[in-house]
Amino acid sequence: MELQLFSEEIGRDLRWRSFLQTDLGQLYKAFPWQDLTSLFPVKKHPQGRKAWLGVQGGIGLMILKAYLGLSDRQLIERLNCDWSMQAFCGIRLKPIERIRDQDLVSRWRRYFGQHLDWRSFQAQLASHWKPHLNNTHVVLMDATCYESDVRFPTDIKLLWESTEWVFDTLYSLCKQLRIARPRTKYSRQQSRYLSYARRRRKTKKLDRRMANQLLFWLERGLGLLTDLQSQYPDVDLLHGKHYSRLQLIKQVYIQQLLRWEQNQTQIQQRIVSLAKPYLRPIKRGKETKAVEFGAKVHSIQVDGINFVEHLHFGAFNEAVRLKSAIWMHRDYFGKCKQLGGDEIYASNANRRYCSGQGIHTCFKRKGRASKEEDQAQVLRKAIGKERATRLEGSFGCEKQFYGLQSIKARTQATETVWILFGIWTASARRIAHRIQQKQNLTKAA
């Protein structure tokens, strides 16, 4: 007869206490799980086996992804053998059980891409974190770009990718219909492009020549594809993703025709990637990166904790978001009394609004100095230093340690989820540290 020192219920309680003492357990305390899971519809599986994870487990996977910096496959492997990660996701695998579904993390990311109302989700986090924040009357704001994992796009690369896709699709349809390929000299153009790509130094004259050649072949390929569709009107040759890609390539052709034949440098809604057509070039004015491709995020920071105010995959002027940021801060924490931002926020309209609301800023003074100019100057320097160090430093920390340096998600919705959970996880880690410090002080007292 096997001797059991503890009942199963006592064993679960001991394991849970041990989990709360770990780093993941401290991070677990920083989230209001019940309030967060109530924001999502319950996943129902009328057929098949029971799902491994519930909504709480899916949220846990997104947090662990950002916290540990692992790939989707590595995250599943760690989840299978790490009991603390299982506790974080609200499951406990048996010794012989293994999760072999390598698409589990990606599927949950797609689920949150469809159902995540990130403003409501963030409001719940702000309400839960508010007791652990000091100086909530001070708000810092700035914008940064979280770059997508795409190679640096150029017009020539985009034209070649479009031309290659059109001819590959054309040849595939000819094989499917069992008809002869149209006679072209496309193979010669392949050799010309490879010769061009190998060159280290590419002059403007060479770029224009290659662009004209690719525009000719792209027009030729689109024409052959249209003729093939007209010959078989009763056959649905292209549908779904292939049809969407064809429409996108036609739009690319029109834009590049304006770029090279009419010398238009500014093109509205310019496409820079076939894989991610929602990306737009964002000019940042940096020395190392003049242009970035990704999501531009406008954030506010309260006592070192970041909250997303606006997220968009195109360029926007963050100065016009100042009022919206103050309103969001007011909803979360009440009245704003001090505000920090860089020079782009110091427009006359923003200055008048802040003065009317009684908000002290770090903007350079305009007009005559007041009697309290010495005190105002000290306050401006303190706010400006806090913004330049703490807020800017938090952006670098998120990109370096929370998986936001290069976003590898494939769609706009999943890329948004990736970025948001990375920002929230970085903030939750700081909250968890403060909770642990308070508990240590309580024990010492």
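Quick note: structure is the one above.
Worth saying up front: this structure is predicted, and the values here are computed from it rather than measured. (Residues numbered from 1 in each chain as written. Predicted model: local features only at pLDDT ≥ 70, side-chain atom pairs only at ≥ 80, totals over all residues. Heavy atoms only, no water.)

**A short note on helix H12 (residues 241–261)**
The terminal C-alpha atoms of H12 lie 30 Å apart, and with 21 residues this matches the ideal 30 Å at 1.5 Å per residue to within 8%. Buried within H12 we find Leu246, Leu248, Ile249, Val252, Tyr253, Gln255, Gln256 and Trp260. Here the buried face of H12 lies against helix H9 (155–177) and helix H11 (204–231). Remark: Asn263 follows H12 within two positions and exhibits a positive phi of approximately 55°. (Helix = DSSP H or I, 4+ residues; strand = E, 2+ residues; numbered from the N terminus. Expected span 1.5 Å × (residues − 1). Buried < 20%, exposed > 50% of the residue type's maximum accessible area, 1.4 Å probe, protein only. Contact = heavy atoms within 4.5 Å.)

**Focus: unusual backbone geometry**
At Asn263, a position not held by glycine, the phi torsion is positive, near 55°. Mapped onto the elements, Asn263 comes out in the loop between H12 and strand S2 (281–283). Backbone geometry at Gln269 places phi at a positive 50°, although glycine is not the residue there. Within the element layout of this structure, Gln269 appears in the loop between H12 and S2.

**A short note on the environment of Glu398**
Along the chain, Glu398 falls in helix H15 (residues 373–401). Since its relative accessible area comes to 1%, Glu398 is described here as buried. Residues Glu398 and Lys130, 268 residues apart in the sequence, show an inter-C-alpha distance of 21 Å. Sequence-distant contacts of Glu398, defined by excluding residues within four places in its chain, comprise Tyr146, Asn306, Gly403, Leu404, Ile423 and Ala426.

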